[in-house]
Amino acid sequence: MTLPKLALTLGDVAGIGPEITAKSLLGHDDLREKCVPIVIGDEASMRRGVVNVGGNPGAVRVIASPAEATNTPGIIELIQVGPSLESVELGVLSAEAGDGSYRFVVEACRLARNGEVDGIVTAPLNKAAMHAGGHNFPGHTELLAHEFGVSNYSLVLSAGELYFFHLTTHVSMRQAIEDITFDRTLSVLKLAGAFARSMGKPDELIGLAGLNPHAGENRLFGDEDADILAPAVEAARKAGLNVQGPLPGDALIPAAVRGKVNLAVVCYHDQGQAPFKAVYGDDGVNITVGLPVVRVSVDHGTAFDIAGKGIAREASLVLSLERAATLAPGWDHVWRTSQEA
């Protein structure tokens, strides 16, 4: 069986991306039986990351294209993108590193569009650094959507069989409330339904969390749940989806954690991210549904405070590589099904 080739973007090289990449690719040889990881990044930063975790910098091998990858255990194969970032200081917000993290993602997308890789796995970038570098995207998800030219997509946190879709992500609370419209809600509910169908579960229950406390409590705590979310749920049901909601977030999310609901749609970033990370930590990943290629990411940030110390945990990146390798062979079906949403 041909193993899927995965473009692993190095993220912000001032953070822990190079270190967790080094630990993942040099300390988990079993990954080579599941995928062909190809780092998209910076040679100098990768070598420094290897040194910082106690490895031999000679393990880094620069290649010109994914076709040259040999997938040899103990070797990190890397495609250099742009000028060297050797001068970037660890743990310090840097426009140079932010620009680099942007370029790595753009190159990974190009390789995916050309069919040279089968999936993308992303180490964390720093949003402020990327903005300082001149690239004003809210985060990875929006940049990827831009590169692939898609408008109907969702950030999805996943652990095992649990998936948290998001109506909004990296915006202020005020902006999130404005962005939660009937159309956006219905489109994400349909996207979740399409994802379920692609997994062979067309009748999977989808729970929608309310925006306000107690899902508005019959308008006592706001009108958005009644005026926006409830009509979208009704429209989704008429389209054949098994949707319940809006449900109080403090009821839906515990039910999801207990395995009673596998597909949950949350309204804003922290409504999903905070409880998910509190419960699952390194056992969770971030999947972007709605892209033509599978993309999986760690569910943590750049951790500037510990960069260079060699103590960053690689578990989420290893899991991301494993998850991408599992999803990549069937992702075309996920993509085609999502287009019906």
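Summarised in this report is the structure supplied together with it. Everything quoted here is computed from the prediction, not taken from an experiment.

## Brief notes about helix α10 (residues 269–280)
Consideration 1: Helix length check: α10 (12 residues) gives 16 Å between terminal C-alpha atoms against 16 Å at 1.5 Å per residue, within 8%.
Consideration 2: Restricting attention to buried positions, one finds in α10 the residues Q271, G272, Q273, F276 and Y280.
Consideration 3: Against the buried residues of α10 lie β6 (154–159), β7 (162–166), β8 (206–209), α9 (249–257), β10 (263–266) and β11 (285–289).
Consideration 4: Looking at the residues trailing α10, positive phi occurs at G281, about 50°.

## Looking at the packing of helix α7 (residues 182–198) against helix α12 (residues 331–338)
Consideration 1: One way to put it is that α7 packs onto α12 with a least axis distance of 8 Å and a crossing angle of 145°. Crossing of α7 over α12 shows right-handed handedness. Contacts between α7 and α12 involve L191, A194, F195, R197 and S198 from the former and W331, H333, V334, T337 and S338 from the latter.
Consideration 2: In terms of residue class, the contact of α7 with α12 is made up of five nonpolar, four polar and one charged.

## Some points on the packing of α7 against helix α8 (residues 224–238)
Consideration 1: α8 packs onto α7 with a crossing angle of 40° between their chain directions and a minimal axis gap of 9 Å. In terms of axis orientation, α7 runs oblique to α8. Here the hand of the crossing between α7 and α8 comes out right-handed. Residues F182, T185, L186 and L189 of α7 touch α8, and the partners they reach there are I228, L229, P231, A232, V233, A235 and A236.
Consideration 2: Of the residues contributing to the contact of α7 with α8, the split by class is 10 nonpolar, one polar and no charged.

## Notes on the nonpolar core
Consideration 1: Core analysis: the biggest nonpolar cluster contains 92 residues, and M46, F148, F165, V265 and W331 have the highest contact counts within it.
Consideration 2: Counting residues per element, this core draws most heavily on helix α3 (residues 95–113), at eight residues.
Consideration 3: Once residues within four sequence positions are removed from consideration, F148 is found in contact with C109, A112, R113, I120, L291, P292 and V293.
Consideration 4: Grouped together as the second largest cluster of nonpolar side chains are 15 residues, L157, F164, F276 and Y280 included.

## Looking at the environment of V334
Consideration 1: With respect to the secondary-structure elements, V334 resides in helix α12.
Consideration 2: Judged by relative accessible area, which is 9%, V334 ranks as buried.
Consideration 3: C-alpha of V334 to C-alpha of E116: the two residues are 218 residues apart in sequence and 19 Å apart in space.
Consideration 4: Beyond its immediate sequence surroundings of up to four residues, V334 is in contact with F195 and S198.

## As for helix α1 (residues 17–27)
Consideration 1: Counting buried positions along α1 yields nine of 11 residues, so the element is predominantly enclosed.
Consideration 2: Packed against the buried residues of α1 are β1 (5–9), β2 (36–41), α2 (43–52), β4 (76–80), β12 (294–298) and α11 (315–327).

## What about the pattern of salt bridges?
Consideration 1: Summed over the entire model, instances satisfying the criterion amount to 12 salt bridges.
Consideration 2: Of the charged contacts in the structure, one is a salt bridge between E107 and R110, with a shortest N-O distance of 2.8 Å. In this pair, E107 and R110 both sit in helix α3, three residues apart, roughly one turn of the helix.
Consideration 3: Judged by its relative accessible area of 34%, R110 is partly exposed.
Consideration 4: Put simply, D30, K34 and E322 are held in one network by salt bridges that share partners.

Calculation criteria
Residues numbered from 1 in each chain as written. Predicted model: local features only at pLDDT ≥ 70, side-chain atom pairs only at ≥ 80, totals over all residues. Heavy atoms only, no water. Helix = DSSP H or I, 4+ residues; strand = E, 2+ residues; numbered from the N terminus. Expected span 1.5 Å × (residues − 1). Buried < 20%, exposed > 50% of the residue type's maximum accessible area, 1.4 Å probe, protein only. Contact = heavy atoms within 4.5 Å. Axes fitted to C-alpha atoms, helices over the stretch in contact; angles between N-to-C directions. Left-handed = near helix turned anticlockwise from the far one by under 90°. Nonpolar A, V, L, I, M, F, W, Y, C, P; charged D, E, K, R; others polar. Parallel < 35°, antiparallel > 145°, perpendicular 65-115°, else oblique. Core = buried A, V, L, I, M, F, W, Y, C linked by side-chain atoms within 4.5 Å. Salt bridge = Lys/Arg side-chain N within 4 Å of Asp/Glu carboxyl O.

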